[in-house]
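Spelled out, the chains give:
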Amino acid sequence: DEWKQLVYFKASNATSQSSFGSSVDCNFDETPIIAVGATGEKNCSTGVNAASANNSCTNSGAAYIFTKEDPNPWLETRVKATNTGNDDKFGTSLKVNTNMVIVGAPYEDSCDTGLTGAPSGNGCNNSGAIYLYEREEDLWKAQVVVKANVADADDLFGTAMAISPNHLSVTAPGESSCATGFG
């Protein structure tokens, strides 16, 4: 068998230094879904398919979700954090499940903990967060933001993730407490 290119993806709002392709994940269980991170993207918009003329949020990041339902062409959905900020690098890590995309932003700076809709503040530099987006019919919607139970500076929560049908594991390689065991 010979390999051949089937499709070529590029962000609809491509700019220099957006780092489109800095991460990628896919799932072909039902509807084909491919998610692509662009950690250098600098648009200040928030949410799903939001537009902003403000491009001053350096390295805020974005993720692009491409879906295909035969016989239709591939569709692009652009997602941003609900709290877009400079140097959050939203899209550093990605995981795709059947109808869910999870996006890591390990350099996100809020001190919020647990489940939240939109973290606020910037008091815990690089504490990190992950953002869950779910597909309902043909639309992607922001569902929840997950922060570590203890959010400290430089935890980098969301650097990497693993997902199964009923579980999600998230790393925080900078977490420096003396706690041991399971929590």
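Above this text you will find the structure in question.
Keep in mind that what you see is a predicted model, and the values were worked out from it rather than measured.

Draft legend 1. Local environment of unusual backbone geometry. The step from Asp70 to Pro71 runs through a cis peptide bond, and the omega angle for that step is 0°. Along the polypeptide, Pro71 turns up in the loop between β4 (62–67) and β5 (75–80). Look at Leu156: it is not a glycine, yet its phi comes out positive at around 60°. Mapped onto the elements, Leu156 comes out in the loop between β10 (139–147) and β11 (161–163).

Draft legend 2. Local environment of the pattern of salt bridges. All chains considered together, the criterion is met by 7 salt bridges. With a shortest N-O distance of 2.5 Å, Glu69 and Arg135 are connected by a salt bridge. One end of the pair, Glu69, is in the loop between β4 and β5; the other, Arg135, is in strand β9 (residues 129–136), and 66 residues separate them in sequence. In this structure Glu69 comes out as partly exposed when scored by relative accessible area, which is 35%. The shortest N-O distance in the salt bridge between Arg135 and Asp138 comes to 3.2 Å. Classification of Arg135 by relative accessible area gives buried; the value is 8%. Overlapping salt bridges, with partners in common, bring together Glu41, Arg78 and Lys80 in one network.

Rules behind the numbers
- Numbering of residues begins from 1 in every chain and follows the order in which that chain's sequence is written.
- With the structure being a predicted model, the display of local features is reserved for residues of pLDDT at least 70 and the display and counting of side-chain atom pairs for 80 or more, all residues being used for whole-chain, interface and lining totals.
- To obtain the side-chain values, all non-hydrogen atoms of the structure were used and water was disregarded.
- Working definition: helices are DSSP H or I runs of at least four residues, strands are E runs of at least two. Numbering for both runs from the N terminus.
- The salt bridge criterion pairs a side-chain nitrogen of Lys or Arg with a carboxyl oxygen of Asp or Glu, the two atoms within 4 Å.
- In this scheme, a residue with accessible area under 20% of its type's maximum is buried, one over 50% is exposed, and one in between is partly exposed, where area comes from a 1.4 Å probe on protein chains only.

By themselves, these observations are geometric and do not establish any function.
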